[in-house]
Amino acid sequence: MSHPRSPRHRLTPAMRGLIERIERAGYPPFHTLAPHEARAAYAQSAGVLDVRPAPLPRETALEISTRDGARLPARLYAPEAAAALPVLLYFHGGGFTIGSVATHEPLCRTLAHGAGCAVVSVDYRLAPDAKFPTAVHDAWDSLQWLRAQAAALGLDAARIAVGGDSAGGTLSAVTAIAARDAGQALSLQLLFYPGCAGHQDTPSHHSFAHGYLLDEPQISYFFGHYLRDARDRDDWRFAPLDGRDTNGQTRDLEGVAPAWVGLAECDPLTDEGIAYADRLRLAGVPVDLEIYAGVVHGFIQFGRAIPEALKAHHDAAHALRRAFSGEA
């Protein structure tokens, strides 16, 4: 039982029970595995507690061209075959090191079904084979490819959102800034517990460093594989909250796409997510911020066990519907 003075008492009973079952199972932590082993372990466990994938009438394998000639696998999910569907470009989580289109298929299907939009999920290249900023380039190149191919795919290039969870949330936030810089309008940036800061020194990082699924050693493991050296921590493309550009300035956020931000209360990344939402608001960007009480990082993939995951799915789908319809 958790000590009443421990932050673990904030967990919902369902969340606490799930963590205790995982701990008793004794699975090796990702940071003790080689990257290819961690990817395999995550792939094996990712769908165990996720919602049953929503049946959709349209699913298409795609291949996205990048600036350096790579071909990124991607998958299109759509709730109908109608032309000119709005589309969410989705980047999966996994610390830039693990995860795939396959691990996030139930979530992407759920969002497509709930929001009435297409979802294009991208297998951007992973560390350590692809160091920073390769994933950033892949995300941007995916957006440019989608704009160019939208009509041929039956999608509406004028109604594109970007979204992702964790590392994918980071990529989405950075892509939204780059789109603003390029004069390319986006309907929404959909951010599930994004990484936003260059250094893990907030109170939530200290409070939830151990025992909440995303542990500090795991964060260090992921970033150690992804970043080239310590200087990358201060690059805005890794840390949109407090990173700097080549002129040594933090990026102005005025004019970036409206944001929906969904955070877990008991997550090392919570404080930086709140701070990023605050920075967006201060820049005049419309922001909807939801903090789901008593749950941990990764909860949106626990829909069969954690009710808050279903609430987050509904809230995110509603935000997409509103953004694509042009509602304020």
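See the structure shown above.
All values derive from a computational prediction rather than experimental measurement. (Residues numbered from 1 in each chain as written. Predicted model: local features only at pLDDT ≥ 70, side-chain atom pairs only at ≥ 80, totals over all residues. Heavy atoms only, no water.)

Participant: Now, about the overall build of the protein: what can you tell me, with residues and values included?
Facilitator: A tally of helices and strands in the protein yields nine helices and eight strands. Against the globule reference of 20 Å for 328 residues, the protein gives a C-alpha radius of gyration of 18 Å, in line with a compact fold. Within the protein, contacts between residues separated by at least 24 positions form 77% of all contacts whose residues are at least 6 apart in sequence. Surface summary for the protein: the accessible area is close to 13,400 Å², and the carbon and sulfur share equals 53%. (Helix = DSSP H or I, 4+ residues; strand = E, 2+ residues; numbered from the N terminus. Rg over C-alpha atoms; globule rule 2.2 N^0.38 Å. Contact = heavy atoms within 4.5 Å. Areas by Shrake-Rupley, 256 points an atom, 1.4 Å probe, with all protein chains shown as cover.)

Participant: Hey, could you go over the packing of aromatic side chains for me, with residue numbers and the actual values?
Facilitator: Throughout the structure, instances matching the rule amount to 11 aromatic pairs. Consider the rings of tyrosine 221 and phenylalanine 222, whose centres lie 5.6 Å apart with planes at 55°: the pair is tilted. No difference in accessibility class separates tyrosine 221 from phenylalanine 222, as the two residues are buried. Ring centres of tyrosine 226 and phenylalanine 238 lie 6.3 Å apart, and the angle between their planes is 45°; this geometry places the pair in the tilted category. (Phe/Tyr/Trp six-rings, centres within 6.5 Å; stacked < 30°, edge-to-face > 60°. Buried < 20%, exposed > 50% of the residue type's maximum accessible area, 1.4 Å probe, protein only.)

Participant: Go over the environment of tyrosine 226, please, and point to the residues and values.
Facilitator: Structurally, tyrosine 226 can be placed in helix H7 (residues 216-226). Each C-alpha atom, one on tyrosine 226 and one on leucine 171, is 13 Å from the other, the two residues being 55 residues apart in sequence. Setting aside anything within four residues of it in sequence, one finds tyrosine 226 in contact with Phe96, Ala127, Ala130, Lys131, Phe132, Ala135, Val136 and Phe238.

Participant: How would you summarise the nonpolar core if you had to cite specific residues and measurements?
Facilitator: Residues Val120, Leu155 and Phe299 are the most contacted members of the largest nonpolar core, which totals 111 residues. By residue number, the principal contributor to this core is helix H9 (residues 307-325), which donates eight residues. If sequence neighbours within four positions are ignored, valine 120 has contacts with Leu62, Ala74, Arg75, Leu76, Val87, Leu88, Leu89, Tyr90, Leu146 and Leu155. (Core = buried A, V, L, I, M, F, W, Y, C linked by side-chain atoms within 4.5 Å.)

Participant: Outline the state of the cysteines, supporting the account with residue identities and numerical values.
Facilitator: Chemically, a disulfide is nothing more than a covalent bond linking the sulfur atoms of two cysteines. Summed over the entire model, instances satisfying the criterion amount to zero disulfides. Cysteine 117 takes part in no disulfide bond, and the closest cysteine sulfur, belonging to cysteine 108, lies 9.8 Å away. With a relative accessible area of 0%, cysteine 117 lands in the buried category. No disulfide involves cysteine 266; its sulfur sits 18 Å from that of cysteine 196, the nearest cysteine. (Disulfide = S-S within 2.5 Å.)

Participant: Describe H9, naming the residues involved and giving the relevant values.
Facilitator: The end-to-end C-alpha distance of H9, which contains 19 residues, comes to 27 Å, matching closely the 27 Å that a straight helix rising 1.5 Å per residue would cover. In this structure, the buried residues of H9 make contact with strand E3 (85-91), helix H3 (105-115), strand E5 (155-165), strand E6 (188-192), strand E7 (259-266) and strand E8 (287-296). Backbone geometry just downstream of H9 places glycine 326 in the positive-phi region, at approximately 85°. (Expected span 1.5 Å × (residues − 1).)

Participant: So what about the pattern of salt bridges? Which residues, and what values?
Facilitator: The full count for this structure, using the stated rule, is 17 salt bridges. The salt bridge involving glutamate 59 is made with arginine 75; its shortest N-O contact spans 3.1 Å. Within this pair, whereas glutamate 59 is found in strand E1 (residues 58-65), its partner arginine 75 is found in strand E2 (residues 71-78), the two being separated by 16 residues in sequence. Take arginine 75: its relative accessible area is 26%, and that puts it in the partly exposed class. The salt bridge partner of arginine 125 is aspartate 138, with a shortest N-O separation of 2.7 Å. (Salt bridge = Lys/Arg side-chain N within 4 Å of Asp/Glu carboxyl O.)

Participant: Outline the pairing of E5, listing residues and values.
Facilitator: Counting buried residues along E5, eight of its 11 residues qualify, which places the element largely inside the surrounding structure. In this structure, E3 lies alongside E5, joined through six bridges in parallel fashion. Residue pairing across strands places tyrosine 90 opposite glycine 163, the latter belonging to E5. Both E5 and E6 contribute to a ladder of five bridges, which runs parallel. Within the sheet, the bridge partner assigned to glycine 164 lies in E6 and is leucine 191. (Pairing = 2+ DSSP bridges.)

Participant: Before we move on, can you summarise the sheet that holds E8 with the specific residues and values?
Facilitator: Through backbone hydrogen bonds, the strands of a sheet pair up, either in parallel or in antiparallel fashion. As summarised here, the arrangement of the eight strands in space is E1-E2-E4-E3-E5-E6-E7-E8, forming an open sheet in which the pairing is mixed. For this open sheet the edge positions go to E1 and E8, each flanked by a neighbour on one side alone. Pairs of neighbouring strands in the sheet enclose a mean axial angle of 20°, with direction left out of account. Here eight bridges tie E1 to E2, and the two strands are oriented antiparallel to one another. Pairing of arginine 58 across the sheet is with alanine 78, part of E2. (Axes fitted to C-alpha atoms, helices over the stretch in contact; angles between N-to-C directions.)

Participant: Kindly report on the packing of H3 against H9, identifying the contributing residues and their values.
Facilitator: Between H3 and H9, the least distance of the axes is 8 Å, while the angle of their chain directions is 50°. It follows from the interaxial angle that H3 and H9 lie oblique. Judged by the twist between their axes, the crossing of H3 over H9 is right-handed. The segment H3 lies against H9, with Leu107, Thr110, Leu111, His113, Gly114 and Ala115 engaging His313, Ala316, Ala317, Leu320 and Arg321. Looking at the contact of H3 with H9 residue by residue, the classes come out as six nonpolar, four polar and one charged. (Parallel < 35°, antiparallel > 145°, perpendicular 65-115°, else oblique. Left-handed = near helix turned anticlockwise from the far one by under 90°. Nonpolar A, V, L, I, M, F, W, Y, C, P; charged D, E, K, R; others polar.)

Participant: If you had to explain the side chain of aspartate 141 to someone new, which residues and values would you point to?
Facilitator: The topology assignment puts aspartate 141 in helix H4 (residues 134-149). Among all residues touching aspartate 141, those that are not within four sequence positions of it are Ile64, Ser65, Thr66 and Arg67.

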